Amino acid sequence: MTRKVVVVALDGATFDVLDPWIAQGQLPTLQRLIEGGTSARLLSTIPPVTACAWTAFLTGCNPGKTGIYEFFARRDPNSYKIYPIDRTLARQPSLAAILSRHGVKVGQLHFPMTYPAEHIEGFVVAAPVPDKNSVHFTFPSDLLERVGLPREDYVIHPFKDPRSRRKLAAVDEEGLDGILDWVRGQAKCTIKLARELEWDVLMVHLWATDCVQHVFWKAMAEGQEGGWSERLQSAILQVFQEADELLAALWELAGSDALVGVVSDHGFGPNHHTFWMNRWLAQQGFLCYRDLLAEDALCVLLDRLWRKWRQRDNGRALRRLKRAIRSIAGLVPVALRRAIYSSIERLVQGHPRWSQRTTPWNSERFEYRVDWKRTVAYSFGNHGEIYINLKG
């Protein structure tokens, strides 16, 4: 290829917030791109979820053809257990693979649902990554070593780490600093790879533009009236400005005649209400739960305690204790179990995160709690997708 192609994927980007900033000259590279080319609002996939939207972009096929609807799915037809899914479950070839077959060198960085890294003509940094020491994190497997990038410095998605998530999800200065460090570090690694490796097409995904909106949308919307500092009010803008600078750097590397594009997977906005789909299905009689009650709530509370204080035995004692609770609880009359469950609910009132965890329609091990023989339909995922239980 004589002209290079650069695509920067801004997760969760929406013209609702970008247009005013572009008009004010706050995002000069995006402004230059729009004024010299074209822009439009596009429909997302159905459902408008990161996992299936980016898979659709990377394959050119809708979720009905790729088979990717969420970050999780049932992988075993004989089980209701829900597993994280990865690139290998996509039923369509990727754009990178198709280009590679025609001799086009592709760089593909940080896109969701690309783990394990695909073997292509070019290089890949996959996401999300369960283990950065895995040979499947990058292709080639020694990619980062070739360009002198330490693996521990290459942060893909710090929100996947519970310890980092607690800090970054806080609507405060420390949380904003953490997100800015993440996007700046990722931009630095991206530019180094783009500068030192050969490529014809470069596709780069930034997840930070989505995460910062999840955390700081309220501060932006409420502004000074909500008591937020000017820096926190502009947190989302600051991250998009970092993305704008990365776009400018990649455009310069690609050359003035390069084809440059920016794309997003879905929009963004405030959340005013939450509809618990499984609670509604249960109320309508479509979803039935096993009568676990007290022992279930106790086990979930133990999970929360373990995650907070991190026992040194990696959870072995916790698992033994939970098995013992469930064994003993089976001998306790249902009336007494219900009374214990009610006591636990009263205990956690005023602690929303704990309270949600103890309710059967929003707790872990969903497949264990459902009475599948009596269940007609159930839901899991980010957007209330309903699945029909054909076998039971």
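Right, let's walk through the structure included here. Here the structure is a predicted model, which means the values were calculated and not measured. (Residues numbered from 1 in each chain as written. Predicted model: local features only at pLDDT ≥ 70, side-chain atom pairs only at ≥ 80, totals over all residues. Heavy atoms only, no water.)

**Here we look at the sheet that holds strand E5 (residues 122-125)**
Threshold: The pairing criterion for strands is at least two bridges between them, as found by DSSP. Helix and strand labels come from DSSP, where a helix needs a run of H or I of at least four residues and a strand needs a run of E of at least two; each type is numbered from the N terminus.
Read from one edge to the other, the open sheet built from six strands follows the order E6-E5-E4-E7-E1-E8, with strand pairing classed as mixed. Edge positions in the open sheet fall to strand E6 (138-139) and strand E8 (259-263), since each of these has one partner strand only. By the bridge criterion, six bridges tie strand E1 (residues 5-10) to strand E7 (residues 201-206) in an arrangement that is parallel. Looking at E7, one finds that Val 7 is bridged to Met 203.

**Considerations on the side chain of Asp 244**
Going by this rule: Accessibility here uses a 1.4 Å probe with only protein chains present; expressed as a share of the type maximum, an area under 20% marks a residue as buried, one over 50% as exposed, and anything in between as partly exposed. A residue counts as positive if it is Lys or Arg and as negative if it is Asp or Glu; His and the chain ends are not included. Salt bridge criterion: a side-chain nitrogen from Lys or Arg within 4 Å of a carboxyl oxygen from Asp or Glu. Residues are treated as being in contact if the distance between any of their heavy atoms lies within 4.5 Å.
Structurally, the position occupied by Asp 244 is in helix H11 (residues 235-254). Within the buried core, Asp 244 has no salt-bridge partner, and the shortest N-O distance to an opposite charge, that of Arg 32, equals 9.0 Å. With sequence-adjacent residues up to four places away left out, Asp 244 is seen in contact with Leu 27, Pro 28, Thr 29 and Leu 30.

**A closer look at the nonpolar core**
Going by this rule: To define a nonpolar core, start from buried Ala, Val, Leu, Ile, Met, Phe, Trp, Tyr and Cys residues and group those joined through side-chain atoms within 4.5 Å.
Within the largest apolar cluster, 67 residues are counted, with the highest numbers of intra-cluster contacts made by Tyr 154, Ile 179, Leu 193 and Phe 216. The dominant element in this core, judged by the number of residues it contributes, is H11, at eleven residues. Among residues more than four places away in sequence, those in contact with Ile 179 are Phe 159, Leu 168, Ala 208, Val 212, Phe 216 and Val 239.

**Brief notes about the packing of helix H9 (residues 208-222) against H11**
Formally: For helices, the axis comes from a line fit to the C-alpha atoms of the stretch in contact; other axes are also lines fit to C-alpha atoms, and the angle between any two N-to-C directions lies between 0 and 180 degrees. Under this scheme an angle from 65 to 115 degrees is roughly perpendicular, one under 35 degrees roughly parallel, and one over 145 degrees roughly antiparallel; angles in between are oblique. When residues are sorted by character, Ala, Val, Leu, Ile, Met, Phe, Trp, Tyr, Cys and Pro go into the nonpolar class, Asp, Glu, Lys and Arg into the charged class, and all the rest, Gly among them, into the polar class.
Interaxial distance between H9 and H11 falls to 8 Å at its minimum, and their mutual angle equals 155°. Classified by the angle their axes make, H9 and H11 are roughly antiparallel. From H9, Ala 208, Thr 209, Val 212, Gln 213, Phe 216, Trp 217 and Met 220 reach across to H11, where they touch Ala 235, Ile 236, Val 239, Phe 240 and Ala 243. Residues that form the contact of H9 with H11 fall into these classes: ten nonpolar, two polar and no charged.

**With respect to the environment of Leu 232**
Checked against the element boundaries, Leu 232 lands in helix H10 (residues 230-233). Overall, Leu 232 belongs to the buried group, its relative accessible area being 8%. In this structure the C-alpha to C-alpha distance between Leu 232 and Ala 219, which are 13 residues apart in sequence, comes to 6.3 Å. Ignoring sequence-local partners within four residues, the contact set of Leu 232 consists of Val 171, Asp 172, Glu 173, Leu 176, Phe 216 and Ala 219.

**As for the packing of aromatic side chains**
Each aromatic ring pair is summarised here by two numbers: the centre-to-centre distance and the angle between the ring planes. What counts here: Aromatic rings from Phe, Tyr and Trp, taking only the six-membered ring of Trp, are treated as a pair when their centres fall within 6.5 Å; an angle between ring planes under 30 degrees marks them as stacked, one over 60 as edge-to-face, and anything in between as tilted.
Tallied over the entire structure, the rule returns 15 aromatic pairs. With 6.2 Å between their ring centres and 50° between their planes, Trp 21 and Phe 240 make a pair best called tilted. With Trp 21 in helix H1 (residues 15-23) and Phe 240 in helix H11, this residue pair connects regions lying 219 residues apart in the sequence. Here Trp 21 falls in the buried class, since its relative accessible area comes to 12%. Aromatic pair Trp 280 and Phe 286: ring centres 6.3 Å apart, planes at 40°, arrangement tilted. Residue Phe 286 is classed as partly exposed on the basis of its relative accessible area of 35%.

**Some points on helix H2 (residues 28-36)**
What counts, and what does not: Summarising the geometry, the arc corresponds to the directions from the helix axis toward the C-beta atoms.
Of the positions making up H2, those classed as buried are Thr 29, Leu 30 and Leu 33. All buried residues of H2 fall inside an arc of 100° around its axis, so they share one side. Close packing links the buried residues of H2 with H1, H11 and E8.

**Regarding helix H3 (residues 50-59)**
Note on helix geometry: an α-helix contains 3.6 residues per turn, so any two residues three or four positions apart are oriented the same way. Counting buried residues along H3, nine of its ten residues qualify, which places the element largely inside the surrounding structure. The inward-facing, buried residues of H3 abut E1, helix H4 (63-66), helix H5 (95-101), strand E4 (106-109), E7 and E8.

**Quick look at the packing of helix H8 (residues 173-196) against H11**
Their axes nearest at 10 Å, the elements H8 and H11 cross at an angle of 5°. Taken together, the axis directions place H8 and H11 in an arrangement best described as roughly parallel. Residues Leu 176, Ile 179, Leu 180, Val 183, Arg 184, Ala 187, Thr 190, Ile 191, Ala 194 and Arg 195 of H8 pack against Ala 235, Gln 238, Val 239, Glu 242, Leu 246, Ala 249, Leu 250 and Leu 253 of H11.

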